Amino acid sequence: MSPTQPMRPIEFLVLAVLSEQTRHGYGIVQEIDRRTRGRVEVKPGNLYRVIDRLMQRGLVDEDERRPAKDLDNQRRRYYTITESGGRALTEEARMLGAIVDGVRATFPDETPETAR
Amino acid sequence: MSSNPAGRAWRWLLLAFPRQFRRRHGLDLLDLVSDLVAEGRSRRSLAFDLAAQGLGARLRLRQPRPYSTRSPDSRSSLMDRLLQDMRYGVRSLVSNPGVTLVVTLTLGLGIGANTAIFAVINTVLLQPLSFDGAERVFQVYETNQQRGIDGSNVSYPNLEDLITRSEQIEAGGALSFTNVNLAAGDYPERVRAALVSGELFDVLGMTTLAGRPLGVADQDPGAESRVVVSEGFWQQRLGADPGAVGSRLRVNGRPRTVVGVVSELPLADVEVFLPLRLDEYAHRTNHFLQGLVRAAPGVTPEQLRASATGISEGLRSEYPEAYEGWGFRLVELQMALVDDGWVILVFLLGIVAVVLLIACANVTNVLLARAAARSREIAVRSALGAGRARIFRQLLTESLMLAMCGGLAGLLFGFLGLGILRSNLPEDIPRTDEVTLDPTVLAFTLGIALLTGILFGLAPALSASRSRLSETLKEGGAQMSTGWARGRLRNGLVIAEVCVSVALLMVAGLLVRTLLDVTARDPGFSVERTLALRLDPPAQKYPEAVLDELTRRLQADVSRVPGVEAAALTSQIPRGSSRTYRGFKIEGAPSPPVEEIDYANWVSVTPGYFETLRMNLLAGRFFDARDGADAEPTIILNRSMARTLFGQQPAIGRRVHIFTDEELAREVVGVIGDVVDRPFNEEIDPQFFTPLPQAYSNRLSLVVRTDSEAATVVSAVRDLLRRIDPDLPVYGVQTLQEVLAGSVAGPRVITAMVGAFAMLALGLSVLGLYGVIAYAVTRRTREIGIRIALGADAGQVRRMVVGEGLRLAAIAAPLGVGIALVFLQVISSQFRRIEVFDPLTVAAVVGLTVVAVLAASYVPARRATRVDPLVALRAE
C-alpha cells in the first residue's frame, strides 16, 4: 500500500494520537474524545478494525515497551506509530493543513480550535 | 471479566468477528469494552457496535474512501479493472482457439434455438397488431351453453344487431374465408378470397390504394358483381396496372368489376375480396361468419362485454326460437388469433431452455477441464499478488466474453433457424410472417448470453481461484489431488445432461408414438384415390326442388366421367372442419329440458355416399332410391349414436326424433361403423345421416372415388361442373389423403420439432460425455500404461474406457426415464390413447443412449489403446 493513499478520518485521528506517545486502546479512545471535544466517539469494534488495518499496512505496531507494572493492567496491548506511519501522517497533515489554511483565510474571524 | 455473566455475553458478541481478528485483538477489545462500560457508556450501543463491526469485518465492508486519487496502483477504478480483465480474457480466448470455438458453437446452438422460439413468442404474444386501433378490435364469437358451444362463428343478423344496437361499438364487419377460381387471362387459378361485409376494411385498418373499398351497398342482392383486390394481387397478377380499377375479372366463372385496390389483410393472405351477399346466408341460425368489431375510444373491455350481454338478452326475447340459448363472447383480436397456440409456444420454449441448460453444462465441463489445466498459471499469478477475488473476477469476465461470442453465434443460428421455423410452424400460430429479430429479441439474446455466462462461468472460476498454491507448484501442476472434487462435479454435470436428454427423448418418443398411432388408426372410410370438392350452391338460385335436380344430375354425370368409380354428395366430408349439430331423442321418450338435450353431428348425404367412401355397414342398409323426398323419413346412425340411444339393443326399425324444423320421427334403417373425425380423441362423436332429398343443405361437397390418380380426374369434373352451371363456386378441392394429413399437420410439426431438439440435446450430451471420458483417460494414463505393460490387449483397454461412459449412463438413463414418466403422467390427460409407460419407447431411448456412449468413447478408447507404457510410466 503506497503511503500516498488518502486516509479515512478515523485513521488520521488514530495515527495523530499515537504519534505523540504509545497508547493502549482505551487511551486512544480517551485522547480522541478529548481532542475533538467529544464530537468523535470511537466505538471499540470500529477502533480495533482500524488498528488492525493500520497494522496490516505497517503504519502502526505493537509496542514492546510497557509502562510500569503497577500503573497498568498487564494484559493490555500498547500501540505505537511506525516510521512509515509517521510519514503517512505527516503527508496527510500537510494536505489537510493547506486546506485548513485556506478556510482560515476565508473566515479570519473564527477562533481556531486549540488542539492542544 | 471472565467470571462475570455479563462478561460472557460480551464474549458471545465477539464471535461476530473473524477468528484471526479475535485472536489478535479479542482480549483488548473486551478490556476496552469493560473500561467504557465502567465509564458509563451505553451498553446497548457498545453491543450493537460489536455485532455490526464484527459482521462488517467478516463481509469485508469498509468505510468508503473519503476521496479517490489518481494513483498508479492496482486498486484502480472499476472501469480500469474491467478493461484489464477483458484484455486478459481476449488474450486467453485467442490463445485457446479450440476451446473457444467449441464453446462458441455449443452455446450458439443453444442460444440460437431460444432466440428463434422467443422471436415467435415476441411477435405473436407480445407485439400488438400493427394497424391503427388494433388494440380496440375484438373478435365476436357466439356461444350456446346448452349445446356446449363456446366459440362458434356469428350469424349475419346477430352480428348486425350487435353492431347497430351497441353504443360501445364504433364499427364492425364480418368476413368468411373461401377459395375461388380466378381467371385472369385464360389460366384459371385457385386463390384465397374473403367474403366481407360491413365496415370490415375500416375495422382492420386497411387503406384504399385505388378506387374504393367494398361497402354495404355492394352486399345488396340486386347489385352488380364487384370485387376488390389486395395490393399484392394487384402488383403480382395485374402488374400494378393503373387501369385495374374498372377492369373485369372472372371469379368462379362469373365476371366481376374491380372497384378498388386495398392494402393487405392483417389476418391472413387473401388475394381478392368479394361482398357478402345478403341473401341465402343471412339466416339468423346460420353461424358462419368471423365477426370483428372495434370499440369506441375510451370504452373498456368490460363495458363492451356488458353491452354485448345486454343485447343478447334483448335478442333472446325477440327471437325465442332462432336465438334460444345463444350469447356473445368477445375476445381481443390479438388473443383470438393466438387462441390455444400459446401453449405450444410455451412448451417449445421450455424445451429449448432445457437444451440451453445442457449446452451450459457442457461448457462448464470444458471450462472446468481448462481450469485444471491452467492451475499452474493461476498459482503463479496468485504468488505474484493477485488476490482470490481478483482471479475469480477475471475468470468470470473471461466466461462472460465467451458467452458474448456464443450470443453472437446464437443470433446467427437464431436467424437461420427462424427462416426454417417460419415456414414450418403449425397453423394455430398466427402472424408468422411478421416474425423477425427486433430489438426485444436482441435484448433477450443478450440477456440469455449474460445469464449463461454467469451460469457456466461460476463453477470453474470458483474452483480455479481456490487452487492451493503450494500443492500445485509442488506437483508440477498437471495431476492435482484437488482435481478430485472437480472430477466429481464434471461427472455430475454429465450425468445431469444425459439424464435430461433421455427425458427429452422419452417425451419425443411418446409424441411420435401418439402420432403413429393416430395416423395408423383406421379412419373408418376409404382414403385412397378419393377427392372432395366444395360446392355450396347458393340457396337463392337453388331452392329445394332445383337443388334436388342438381344433385341428381351431378351424381349421375360425374359418375360417368372416365376414371370415376363412384360419386356422391354430402353436407360434410369426414374430418371436415365445419360441422352441424342437432338435438335428438328416441320417439316416445319425454322431451328433456333444453339444457339436457343430447346433440349429435348431422350429415345429409345422397344415396351412394357410404359406398363411395367404402364405409362399414354394421346393420341394416345404406340409403338408396327408396329414400326419396316423398318417402318415409329414414335415418342412419353411426355405432356411437346407436349405442348412446339403444345400448346393446338393435337399432334397426326404431324411431328417432331430430329437433329440426319439422320434428319428424325417422326410422333407423342402418348403422355404420364409426368414422374417426377427431383423431386425438378417444371417443367418437355420435353422428347421424339423413338422405339429402329429405333434408336439404346448401353447403355441399362432392366426393368422388377414382380408379386412377385423383388429380387427373379433377379437371374433367371441373369442366363438367362448369357446363352444368358456370357460376357454381367450386373450391376446396382436396384428396381425402390431404384432408387426413391436414388434420394432423399441427401435431406432426410439433412432434418433429420436439424430436429435433431432443436429438440436439443428445448430441450435446455426447459431446459432454466425450469430454469427461477423455479426461478420465488422461487421468488414468499411468494405470492404462501399467495394464498394457502387464499384457492387457486393445479390447480390454477399450472396454475399460467404454466402461467409464457406461457407468455414467447407467446412472443417468434410469433417472431420465423416471423423470420423463413422472412428467408425462402429469400431462397424460392429453394422451388418452397411449399408455404413458411404453416398453418399446424406453428400449429405443436406452438403446440410443448406449449408442451415444459408444460414439463418445470411440476416440478416447482409441487413444487409450495407443498409450505407450514406457511413456506413461515415465510421465509425472
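This text goes with the structure placed above it.
Residues numbered from 1 in each chain as written. Chains lettered and ligands numbered in written order. Predicted model: local features only at pLDDT ≥ 70, side-chain atom pairs only at ≥ 80, totals over all residues. Heavy atoms only, no water.

**Student:** Tell me about helix α23 (residues 781-789) of chain B, and name the residues and values.
**Tutor:** All names here are of chain B. Those residues of α23 that sit buried are Ile784, Gly785 and Ile788. For α23, the angular spread of the buried residues around the axis is 100°, confining them to a single face. Buried residues along α23 sit against α22 (745-779), α24 (794-826), α25 (839-865) and α26 (869-874). Backbone geometry just after α23 places Gly791 at a positive phi near 110°. (Buried < 20%, exposed > 50% of the residue type's maximum accessible area, 1.4 Å probe, protein only. Helix = DSSP H or I, 4+ residues; strand = E, 2+ residues; numbered from the N terminus. Arc of directions from axis to C-beta. Contact = heavy atoms within 4.5 Å.)

**Student:** Explain the side chain of Ser176 of chain B residue by residue, including any values.
**Tutor:** By the secondary structure assignment, Ser176 of chain B is in strand β4 (residues 169-183). Not counting residues within four places of it along the chain, the set of residues in contact with Ser176 of chain B comprises Ala193, Ala194, Leu195, Phe288 and Leu289 of chain B.

**Student:** Could you give an account of the packing of aromatic side chains, naming the residues involved and the relevant values?
**Tutor:** What describes a pair of aromatic rings is the distance from one ring centre to the other and the angle between the planes of the rings. Residue and element names in this part refer to chain B. Tallied over the entire structure, the rule returns 10 aromatic pairs over all chains. Centroid distance Tyr609 to Phe610: 5.5 Å. Interplanar angle 75°. Geometry classified as edge-to-face. With respect to class, Tyr609 is no different from Phe610; both count as buried. Judged by centre distance (6.0 Å) and plane angle (55°), the ring pair of Phe610 and Phe623 falls under tilted. Of this pair, Phe610 sits in helix α18 (residues 609-612) while Phe623 sits in the loop between β17 (617-620) and β18 (634-638); the two residues are 13 residues apart in sequence, bridging distant segments of the chain. As far as burial versus exposure is concerned, Phe610 and Phe623 are alike and both buried. Three or more aromatic residues joined by ring pairs form one cluster here, namely Tyr609, Phe610, Phe622, Phe623 and Phe689. (Phe/Tyr/Trp six-rings, centres within 6.5 Å; stacked < 30°, edge-to-face > 60°.)

**Student:** Could you give an account of helix α1 (residues 9-20) of chain A, naming the residues involved and the relevant values?
**Tutor:** The terminal C-alpha atoms of α1 of chain A, which comprises 12 residues, lie 18 Å apart, in line with the 16 Å expected from a rise of 1.5 Å per residue. Turning to α1 of chain A, the residues buried within the fold contact β1 (23-24), α2 (25-35), α3 (44-56), β2 (60-62), β3 (78-81) and α4 (83-106) of chain A. (Expected span 1.5 Å × (residues − 1).)

**Student:** Can you explain the interface of chain A and chain B? Please cite residues and give values.
**Tutor:** With 32 residues of chain A at the contact, the number on the chain B side is 30 residues. Taking both sides of the interface into account, the surface hidden between chain A and chain B amounts to around 2900 Å²; carbon and sulfur atoms contribute 50%. By the criterion of area lost to chain B, the three top residues of chain A are Arg8, Tyr48 and Arg49 of chain A, representing 24% of everything that side buries. Run the count over chain A and chain B and you get 2 salt bridges. In this structure, the connection of chain A to chain B is made through 9 residue pairs in polar contact (both at pLDDT 80 or more). Elements supplying a minimum of two residues to the side of chain A that touches chain B: α2, α3 and α4 of chain A. Looking at which element gives the most residues to the side of chain A that touches chain B, the answer is α3 of chain A, with 11 residues. Across the side of chain A that touches chain B, the residue classes break down as 15 nonpolar, 6 polar and 11 charged. (Buried area = accessible area lost by both parts, 1.4 Å probe. Salt bridge = Lys/Arg side-chain N within 4 Å of Asp/Glu carboxyl O. Polar contact = N/O pair within 3.5 Å; in protein donor to acceptor, adjacent residues only side chain to side chain. Nonpolar A, V, L, I, M, F, W, Y, C, P; charged D, E, K, R; others polar.)

**Student:** Can you tell me about unusual backbone geometry, naming the residues and giving the values?
**Tutor:** With a phi close to 55°, Arg37 of chain A is a non-glycine residue in the positive phi region. Summarising the element assignment, Arg37 of chain A is placed in the loop between α2 and α3. Phi at Arg529 of chain B takes a positive value of approximately 50°, unusual for a residue other than glycine. Tracing the chain through its elements places Arg529 of chain B in the loop between α16 (483-520) and β13 (530-534). Overall, the relative accessible area of 30% leaves Arg529 of chain B in the partly exposed class.

**Student:** A description of the packing of helix α12 (residues 375-383) of chain B against helix α13 (residues 388-424) of chain B should follow, citing residues and the corresponding values.
**Tutor:** How two helices sit against one another is set out by the angle between their axes and by the gap between those axes. Residue and element names in this part refer to chain B. One can describe the packing of α12 onto α13 by two numbers: an axis separation of 10 Å at closest approach and a directional angle of 140°. In this view, α12 runs oblique relative to α13, as classed from their interaxial angle. Once α12 is placed against α13, the crossing between them reads as right-handed. Taking contact as the criterion, the partners of Ile378, Arg381 and Ser382 in α12 are, on α13, Ile391, Gln394 and Leu395. Looking at the contact of α12 with α13 residue by residue, the classes come out as 3 nonpolar, 2 polar and 1 charged. (Axes fitted to C-alpha atoms, helices over the stretch in contact; angles between N-to-C directions. Parallel < 35°, antiparallel > 145°, perpendicular 65-115°, else oblique. Left-handed = near helix turned anticlockwise from the far one by under 90°.)

**Student:** Lay out the pattern of salt bridges in plain terms, naming residues and giving numbers.
**Tutor:** Residues and elements named next belong to chain B. Using the criterion set out here, one finds 39 salt bridges over all chains in the structure. Linking Arg294 and Glu170 is a salt bridge whose minimum nitrogen-to-oxygen distance equals 2.6 Å. With a gap of 124 residues between them, Arg294 in strand β11 (residues 287-295) and Glu170 in strand β4 connect regions that are remote in the sequence. Among the salt bridges present, the one from Glu271 reaches Arg237, with a minimum N-O distance of 3.1 Å.

**Student:** Got a sec to walk through the environment of Ser84 of chain A? Specific residues and values, please.
**Tutor:** Residue and element names in this part refer to chain A. Relative to the helices and strands, Ser84 resides in helix α4. Ser84 gets classed as partly exposed once you look at its relative accessible area, which sits at 23%. Residues Ser84 and Gly58, 26 residues apart in the sequence, show an inter-C-alpha distance of 7.1 Å. Ignoring sequence-local partners within four residues, the contact set of Ser84 consists of Gly58 and Leu59. One polar contact links Ser84 to Thr82, side chain to side chain, over a distance of 3.4 Å.

That's the geometry; what it means functionally is another story.
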